[in-house]
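Below are the chains, spelled out letter by letter.
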Amino acid sequence: MSTTTIDLQKVAKDHLWMHFTRMGGYQTADVPIIVRGDGCYLEDTNGKRYLDALAGLFSVNIGYSFGEEIGQAALEQMRELPFYTNWSYAHPRAIELAAEVASLAPGDLNRAFFCSGGSEAVESAWKLARQFYAARGGKAITDAGAEPQTRHDGQVAATASAPRRYKAIARNIAYHGTTMGALSINGIPALREPFEPLVPEVRHVSNTNRYHRAPEETEEAFTRFLLDELEQTIVSMGPETVCLVHMEPVQNAGGAFTPPDGYFQGVREICDRYDILLSADEVITAFGRVGYWFGSERYDIRPDLVTCAKGLSSSYAAIGAVVATDRVMEPFLGETSMFSHGITFGGHPTMCAIALKNIEIMKREGIVEHVRASETAFAETLRQLLDIPIVGDLRGTGFFYALELVKDKDSREGFSEQECEQLMRGFLSNALFDAGLICRADDRGDPVIQISPPLVAGQAEFDEIVRILGEVLTEAAVRLR
Ligand SMILES: Cc1ncc(COP(=O)(O)O)c(C=O)c1O
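Being a predicted model, the structure only gives us computed values, none of them experimental.

Asks: Looking at this model, I keep getting lost on the overall build of the chain. Mind explaining?
Replies: Check the secondary structure of the chain and you find 16 helices and 17 strands. Taken over the C-alpha trace, the chain has a radius of gyration of 23 Å; the compact-globule value for 481 residues is 23 Å, and the two agree within 12%. Taken across its 481 residues, the chain has 55% of its residues classed as buried. Long-range pairs, those at least 24 residues apart, make up 71% of the contacts in the chain between residues at least 6 apart in sequence. Taken as a whole, the chain presents about 20900 Å² of accessible surface, with 52% of it coming from carbon and sulfur.

If you want it as structure tokens, here you go:
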């Protein structure tokens, strides 16, 4: 070990608080310290290389080799204007990026509100939905028949008989971030419980996991079940109090749940029927991961709001956005109305310059087209893993996949909590890392291995992912016998 390694290890153990990390585990074990990256690969302090089949956190879409070019764009921006704000002012990079995002987003998603990341985007989307109805005027908040009260700022206050729309609906096991609003939308009980009581009021409906449904159920019947449940939930909450339905095009947590046929068309119809805003959480799916600039386009979701972050800059910068349709923006264009929300670093010029350069690189390198052209080959390669006794299901699309691990493939029986802990934390996470593959062994829902490489990956990387996963999962199956 070099001196640098020893120092970094000691200082990391003494001072760094890692996110979602059992820090106690590092009293004795080494902290994994990644020092550089290129293409789809990372290198640690010992010079060991890893294939990053998770693209950082589902986010380094262009891979790790564009630091020079993006750094140059950042440097030029730093020289020109290192910081200015979007509070009451604009600057060229935020304007250009807003126009670029609007041109790539489907339909009339024409307005970008910038923030620093995914949680803030989700937080901002819920706040925007809450304020939208008040800003729009009495129509939506006067179901009970009361006249809306107009306040000095021209917006409409809820009255005792005119319930305010503030509630949200999301899906079970969905991850939407960690700030209090985003966390409340989050559908993972273990993440929610330590922080309860959360922000009122969110209910969670079934996600689109079909693997544990009755095998004879048709896709159409499954869609109908999901839509009936959503509608009943809205009705039971009081439709006039619900402002937001928030869903990922392909749900990550639980393992790459794609929507069944007709699902999002049905969700859209229900939202329209009850005058509720539909928000697509595209923090992972936007900017190429599912083979389109936005997953909403792939599944024809027609959302009112889109939240995005990670791939917007390929994670070279801390930037996210809520993108809103003209209809959502319209009430905020009144002379005295405004979205009462802001974040110092939202639309930071250097972050915007980096995001603009990232999009330029994605276009120049044909990255979205590459995902579309190679997604079938990727799926075919991953499918080989279904021969392993504990691999029950492979699901996903684009460059966004998950393998579900089961005890018994025929009955689809899962592992007990203790077996899961042993398998996922006791063996798989370390074994994969030791074998030089970064992907995520995740048991927030049923146990899955999440695979989401940089979008520049090709057949050589697909083969290596399958080779390492094949060896490690086969060994896991033997140990479990
Ligand atoms: C779908 C989704 N929404 C929101 C978030 C939160 O993003 P961030 O970690 O940038 O706050 C994530 C992060 O993984 C996510 O996957």
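Asks: What exactly am I supposed to notice about helix H14 (residues 367–383) here?
Replies: An α-helix turns once per 3.6 residues; consequently, residues spaced three or four apart project the same way. Here H14 spans 23 Å end to end across 17 residues, near enough to the 24 Å set by a 1.5 Å rise per residue. Approximately 50° is the largest bend angle found in H14, and it occurs at Ser-374. Buried within H14 we find Ile-367, Val-368, Val-371, Ser-374, Glu-375, Phe-378, Ala-379, Thr-381 and Leu-382. If you follow the buried residues of H14, they end up packed against helix H11 (295–298), helix H13 (349–364), strand E13 (391–397), strand E14 (400–405), strand E17 (448–451) and helix H16 (459–480).

Asks: Just checking my understanding: could you explain helix H4 (residues 92–104) for this structure?
Replies: Compared with an ideal rise of 1.5 Å per residue, which puts 13 residues at 18 Å, H4 spans 18 Å between its outermost C-alpha atoms and is within 8% of the ideal. Looking only at H4, the buried set comprises Arg-93, Ala-94, Leu-97, Glu-100, Val-101, Ala-102 and Leu-104. The elements touched by buried residues of H4 are helix H3 (67–80), strand E4 (109–115), strand E12 (320–325) and H13.

Asks: What's the story with the environment of Asp-261 in this structure? I'm lost.
Replies: Following the sequence through the fold, Asp-261 ends up in the loop between strand E9 (242–247) and helix H10 (263–273). Of the residues examined, Asp-261 reaches a relative accessible area of 60% and is grouped as exposed. Asp-261 sits 96 residues away from Arg-165 along the chain, and the two C-alpha atoms are 30 Å apart. Setting aside anything within four residues of it in sequence, one finds Asp-261 in contact with Glu-219 and Thr-223.

Asks: I would appreciate a short explanation of the sheet that holds strand E16 (residues 440–442) in the present structure.
Replies: As a general point, the strands of a sheet are linked pairwise by backbone hydrogen bonds and lie either parallel or antiparallel. The strand order across the open sheet formed by 4 strands is E13-E14-E17-E16, and the pairing between neighbours is antiparallel. Strand pairing shows two members of the sheet lacking a second neighbour, E13 and E16, which therefore form its edges. Neighbour-to-neighbour, the strand axes of this sheet turn through a mean angle of 20°, independent of strand direction. Bridge count between E13 and E14: 6 bridges; the pairing is antiparallel. Along E14, the bridge assignment pairs Arg-395 with Ala-402. Lying over the sheet, helix H15 (residues 417–434) contacts E14, E16 and E17, oriented at roughly 170° with respect to E16.

Asks: Would you explain the site of the ligand in this entry?
Replies: The immediate surroundings of the ligand are formed by Gly-117, Gly-118, Ser-119, Tyr-175, His-176, Gly-177, Glu-248, Asp-281, Val-283, Ile-284 and Lys-310. Interatomic distance of 2.6 Å between a side-chain N/O atom of Ser-119 and an oxygen atom of the ligand. Between the ligand and Asp-281, the relevant distance is 2.8 Å, taken from a nitrogen atom to a side-chain nitrogen or oxygen of the residue. Taking 400 Å² as the accessible area of the ligand by itself, protein coverage stands at 81%. Across the shell around the ligand, the residue classes tally to 3 nonpolar, 5 polar and 3 charged.

Asks: Just to check I follow, could you spell out the nonpolar core for this structure?
Replies: Generally speaking, soluble globular proteins have nonpolar side chains that are buried together. In this structure, Leu-97, Phe-287, Leu-428, Ile-449, Ile-451 and Leu-469 are the most contacted members of the largest nonpolar core, which totals 75 residues. Once residues lying within four places of it in the same chain are set aside, the contact partners of Leu-469 are Leu-385, Ile-388, Leu-403, Leu-432, Leu-437, Cys-439, Ile-449, Ile-451 and Thr-474. In this structure, Phe-222, Cys-243, Ala-256 and Ile-284 belong to the second largest nonpolar core, which totals 59 residues.

Asks: I tried to follow unusual backbone geometry on my own but got confused; where do I start?
Replies: Backbone geometry follows two general trends: most residues other than glycine have a negative phi, and most peptide bonds adopt the trans configuration. The omega torsion of the bond from Glu-196 to Pro-197 falls at 5°, within 30 degrees of zero and hence cis. Residue placement: Pro-197 occurs in the loop between helix H8 (189–192) and strand E8 (202–205). In this structure, Glu-201 follows Pro-200 across a cis peptide bond, with omega equal to -5°. Tracing the chain through its elements places Glu-201 in the loop between H8 and E8. In the Ramachandran plot, Ala-256 falls in the positive-phi region, its phi being about 45° despite a non-glycine side chain. Here Ala-256 lies in the loop between E9 and H10.

Asks: What should I look at first to understand the pattern of salt bridges in this one?
Replies: Pairing is possible between side chains that carry opposite charge, provided their charged atoms lie close to one another. A complete count under the given rule lists 32 salt bridges for this structure. Between Arg-210 and Glu-219 there is a salt bridge; the shortest N-O distance is 3.8 Å. The partner of Arg-268 in a salt bridge is Asp-304, with the nearest N and O atoms 3.0 Å apart. In this pair, Arg-268 is assigned in helix H10 and Asp-304 in the loop between H11 and strand E11 (305–308), connecting sequence segments 36 residues apart. Members of the salt-bridge network, linked through shared partners, are Arg-22, Glu-421, Arg-425 and Asp-443.

Asks: It is not clear to me how the pairing of E12 should be interpreted in this structure. Could you clarify?
Replies: In the case of a regular strand, side chains alternate between the two sheet surfaces. Counting buried positions along E12 yields 6 of 6 residues, so the element is predominantly enclosed. Side chains Gly-320, Val-322 and Ala-324 project from E12 onto one buried face, and the interleaved Ala-321, Val-323 and Thr-325 project onto a second face that is buried too. Summarising the sheet, E4 and E12 pair through 6 bridges and their orientation is antiparallel. Within the sheet, the bridge partner assigned to Phe-113 lies in E12 and is Val-322. Where E11 meets E12, 4 bridges bridge the pair, whose relative direction is antiparallel. Considered in E12, the bridge of Cys-308 is made with Ala-321.

Asks: Can you help me understand the environment of Leu-42 in this one?
Replies: Relative to the assigned elements, Leu-42 resides in strand E2 (residues 41–44). Here Leu-42 is in contact with Ile-34, Arg-36, Gly-37, Lys-48, Arg-49, Tyr-50, Asp-52, Tyr-64 and Ile-438, once residues within four sequence places are set aside.

Asks: Help me out: how do you make sense of the sheet that holds strand E15 (residues 437–438) in this one?
Replies: Pairing within the open sheet is mixed, and its 4 strands lie in the order E1-E2-E3-E15. Where the open sheet ends on each side, the last strands, each with one partner, are strand E1 (34–38) and E15. In terms of strand pairing, E2 meets strand E3 (residues 49–52) through 3 bridges, oriented antiparallel. Bridge pairing in E3 links Leu-42 to Tyr-50.

Calculation notes
- Residues numbered from 1 in each chain as written.
- Predicted model: local features only at pLDDT ≥ 70, side-chain atom pairs only at ≥ 80, totals over all residues.
- Heavy atoms only, no water.
- Helix = DSSP H or I, 4+ residues; strand = E, 2+ residues; numbered from the N terminus.
- Rg over C-alpha atoms; globule rule 2.2 N^0.38 Å.
- Buried < 20%, exposed > 50% of the residue type's maximum accessible area, 1.4 Å probe, protein only.
- Contact = heavy atoms within 4.5 Å.
- Areas by Shrake-Rupley, 256 points an atom, 1.4 Å probe, with all protein chains shown as cover.
- Expected span 1.5 Å × (residues − 1).
- Bend = angle between axes of the 7 residues up to and from the residue.
- Pairing = 2+ DSSP bridges.
- Axes fitted to C-alpha atoms, helices over the stretch in contact; angles between N-to-C directions.
- Near = heavy atom within 4 Å.
- Polar contact = N/O pair within 3.5 Å; in protein donor to acceptor, adjacent residues only side chain to side chain.
- Nonpolar A, V, L, I, M, F, W, Y, C, P; charged D, E, K, R; others polar.
- Core = buried A, V, L, I, M, F, W, Y, C linked by side-chain atoms within 4.5 Å.
- Salt bridge = Lys/Arg side-chain N within 4 Å of Asp/Glu carboxyl O.

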